[in-house]
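Architecture and fold: a report
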Amino acid sequence: MPESMERGALTEAVLYILLSLYSPLHGYGIMQNVSELSGGRVVLGAGTLYGAINTLVEKNWIEPLEGAAGNRRKEYIITNTGKAAVAQEIVRLEELLRNATKIAAGGLK
Amino acid sequence: MRHIVWKAYMNHEKEEKWLNEMSAKGMALVGYSWCRYVFEDSPKAEYTYRIELLKDLPGNAESRAYLQFLQQTGIEHVASYLRWVYLRKKRAEGQFDLYSDADSKISHYKRILYLWIPIMLLNLMAFISNGLHVLDDILHHGRVFGGNLICIVLNGFFAFLILWMIIVYLRKVQKLRAEKRIHE
């Protein structure tokens, strides 16, 4: 279970990294996938990505794939804890989007 | 052909900018040791250069794992000096920034600050202690010893130069923190 401290928003980079790892990918693959998903808007810096991967592995939100040892490029996959964090984030984003649309977009019409 | 340029930088971002200007002119950095830059002819603007201060020396296992990770994303480790590394990526392979969010930029700037602050304090302490010596010489012995004066000037010069650099980096951190209050 995630600690109670972790009710806050995920960063855009973290959410996109987690989404990229529903199927196994290595670092460079994550960078390319995030850029593709966001239509080139989010370009992860390699240093930022490296730090984020290490933090997410420490938190057990993602894990290195077994058997990837022979391969020099380490691949990662999202864990159930990571998926739970994504689910929680979706709820938060939906609430935000619902409120923002109701108030701001309604006013535009 | 190889070109050697002697130059000193304290601000790594200005240094980075200069390396990229050199690269645009067709001079690609291939080596660096204390103030000595080695360039090789290359097609114009073939590479983007970045400079980073690692957490540990490049030979350390953590650093090697990181540099290997960078290599897998198309980033080449060109040279090192103490914990500083000079990195480059082919421009054709896309944009090259090491850090894409405020937090990782801030932690890099902090690493640089922690490198400079002790050096500044050492120089400042030497400046003050030498200064007191000279004052003592003048006030109690009525003489001025030239050797101490040179030390004072040098220590004072470096202390304030580094202090100025520290302020430059602190301002960068402050600016990012202000930005972070609004944007991620």
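The following paragraphs examine the structure supplied in this document.

What counts, and at which threshold
By convention here, each chain's residues receive numbers from 1 onward along its written sequence. For naming, the first written chain is A and the first written ligand is 1, with later ones following in the order written. The model is predicted, so local features are restricted to residues of pLDDT at least 70 and side-chain atom pairs to those at 80 or more, both for listing and for counting; the totals for chains, interfaces and linings are taken over all residues. What counts as a helix is a DSSP run of H or I of at least four residues, what counts as a strand is a run of E of at least two, and both are numbered from the N terminus. Here a residue counts as buried when 20 or more other C-beta atoms fall within 10 Å of its C-beta, as exposed when 12 or fewer do, and as partly exposed in between; the C-beta atoms come from the backbone. Residues are defined as contacting one another if the C-beta atoms placed from their backbone atoms lie within 7 Å. By convention the nonpolar core is taken to be a set of buried residues drawn from Ala, Val, Leu, Ile, Met, Phe, Trp, Tyr and Cys and joined through C-beta atoms within 7 Å. Note on residue categories: nonpolar means Ala, Val, Leu, Ile, Met, Phe, Trp, Tyr, Cys or Pro, charged means Asp, Glu, Lys or Arg, and polar means any other residue, Gly included. Only when DSSP finds a minimum of two bridges between them are two strands counted as paired. Angles here are taken between N-to-C directions and fall from 0 to 180 degrees, while the axes themselves are lines fitted to C-alpha atoms, restricted in helices to the stretch in contact.

Things to note about the overall build of chain A
Secondary structure summary: chain A contains four helices and three strands in total. Secondary structure elements of chain A occur, N-terminal to C-terminal, as α-β-α-α-β-β-α. Here chain A holds 109 residues, and the buried ones make up 25% of them. In chain A, once contacts between residues fewer than 6 apart in sequence are set aside, the share between residues at least 24 apart is 45%.

Re the environment of A:Asn33
Residues and elements named next belong to chain A. Along the chain, asparagine 33 falls in helix α2 (residues 27–37). Among the residues examined, asparagine 33 registers 18 C-beta atoms within 10 Å and is labelled partly exposed. In this structure, the C-alpha to C-alpha distance between asparagine 33 and leucine 19, residues 14 residues apart in sequence, is 9.3 Å.

Brief notes about the nonpolar core
Ranked by size, the top nonpolar core spans 38 residues in total, and within it A:Ile17, A:Leu21, A:Leu49 and B:Leu29 carry the most contacts. With five residues, helix α3 (residues 46–58) of chain A is the largest single contributor of residues to this core. With residues up to four places along the chain from it excluded, the contact list for A:Ile17 reads A:Ile30, A:Val34, A:Ala52 and A:Leu56.

Notes on the environment of A:Glu63
All names here are of chain A. The topology assignment puts glutamate 63 in strand β2 (residues 62–64). The partly exposed category is assigned to glutamate 63, around which 15 C-beta atoms lie within 10 Å. Non-local contacts of glutamate 63, meaning those with residues more than four positions away in its chain, are made with Val57, Tyr76, Ile77 and Thr79.

As for unusual backbone geometry
Comment: phi is negative for the bulk of residues other than glycine, and the bulk of peptide bonds are trans. Residue A:Asn60 is not a glycine yet carries a positive backbone phi of 65°. Judged by the 12 C-beta atoms lying within 10 Å of it, A:Asn60 falls in the exposed class. Here the phi dihedral of B:Leu82 falls at roughly 50°; this positive angle occurs in a residue that is not glycine. Of note, B:Leu82 is situated in the loop between β5 (75–81) and β6 (84–90).

Comments concerning the interface of chain A and chain B
Residue-level contacts link 16 residues of chain A with 15 residues of chain B. Looking at the side of chain A that touches chain B, the element that brings in the most residues is α3(A), giving five residues. Per-class residue counts for the side of chain A that touches chain B are seven nonpolar, seven polar and two charged.

A look at the sheet that holds strand β1 (residues 25–26) of chain A
Read across the sheet, three strands follow the order β1-β3-β2 (chain A) without closing on themselves; strand pairing throughout is antiparallel. Either end of the sheet is taken by a strand with one partner, and the two such strands are β1 and β2 of chain A.

Structural notes on the sheet that holds β5(B)
Residue and element names in this part refer to chain B. Spatial strand order, β4-β6-β5: three strands in an open sheet with antiparallel pairing. Two strands bound the open sheet, and with one partner strand each, they are β4 (47–53) and β5. In this sheet, neighbouring strand axes are inclined to one another by 25° on average, regardless of whether the strands run parallel or antiparallel.

Everything listed here is a matter of coordinates, which is why it stays silent on function.
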